[in-house]
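Observations on the model geometry
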Amino acid sequence: MPDVDLMIRTSGEKRISNFLLWQMAYAELYFTNILWPDFRRAHFFDAIIEYQNRERRFGKTSEQITE
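A closer look at the environment of Glu28
You can see Glu28 is positioned in strand E2 (residues 28-31). The sequence separation of Glu28 and Ile48 amounts to 20 residues, and the corresponding C-alpha distance is 11 Å. Setting aside its immediate chain neighbours within four residues, Glu28 contacts Asp5, Leu6, Met7, Tyr51, Arg54, Glu55 and Arg56. There is a polar contact of 3.4 Å between the side chain of Glu28 and the side chain of Arg56.

Some words on the pairing of strand E1 (residues 6-9)
Burial of E1 is one-sided: the residues Met7 and Arg9 facing one way are buried, the residues Leu6 and Ile8 facing the other way are not. Examined bridge by bridge, E1 and E2 share four bridges and lie parallel to one another. Paired with Met7 across the bridge in E2 is Leu29.

Some points on the side chain of Thr10
Mapping Thr10 onto the fold places it in the loop between E1 and E2. The exposure class of Thr10 is buried, given its relative accessible area of 14%. Here Thr10 is in contact with Thr32, Ile34, Leu35, Trp36 and Phe39, once residues within four sequence places are set aside.

With respect to the pattern of salt bridges
Tallied over the full model, the rule gives six salt bridges. Arg15 is the partner of Glu13 in a salt bridge, and the nearest nitrogen-oxygen pair spans 3.0 Å. Of the residues examined, Glu13 reaches a relative accessible area of 32% and is grouped as partly exposed. Here Arg15 falls in the partly exposed class, since its relative accessible area comes to 43%.

Some points on the environment of Tyr51
Mapped onto the fold, Tyr51 is located in helix H1 (residues 41-52). Along the sequence, Tyr51 and Ala25 sit 26 residues apart, while their C-alpha atoms lie 16 Å from each other. Those residues in contact with Tyr51 that lie beyond four places of it in its chain are Asp5, Leu6, Glu28 and Arg56. Here the side chain of Tyr51 touches Arg56 through a polar contact of 2.5 Å, side chain to side chain.

The rules we used
Residues numbered from 1 in each chain as written. Predicted model: local features only at pLDDT ≥ 70, side-chain atom pairs only at ≥ 80, totals over all residues. Heavy atoms only, no water. Helix = DSSP H or I, 4+ residues; strand = E, 2+ residues; numbered from the N terminus. Contact = heavy atoms within 4.5 Å. Polar contact = N/O pair within 3.5 Å; in protein donor to acceptor, adjacent residues only side chain to side chain. Buried < 20%, exposed > 50% of the residue type's maximum accessible area, 1.4 Å probe, protein only. Pairing = 2+ DSSP bridges. Salt bridge = Lys/Arg side-chain N within 4 Å of Asp/Glu carboxyl O.

In structure tokens, the structure reads:
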């Protein structure tokens, strides 16, 4: 199983509750106020679009990536 790239947390909580802590070391976190029963395909696509617009650095700074 590959490591997590994107973790979506619903219900407005801003914590990960030690869920997959080691596997999420370099994951992007997406928080939404939508409750899980109300989370639809459109919300998932919103999370994916935001993820695609992020700069993945894997623990490095922006300057280290451009070098």
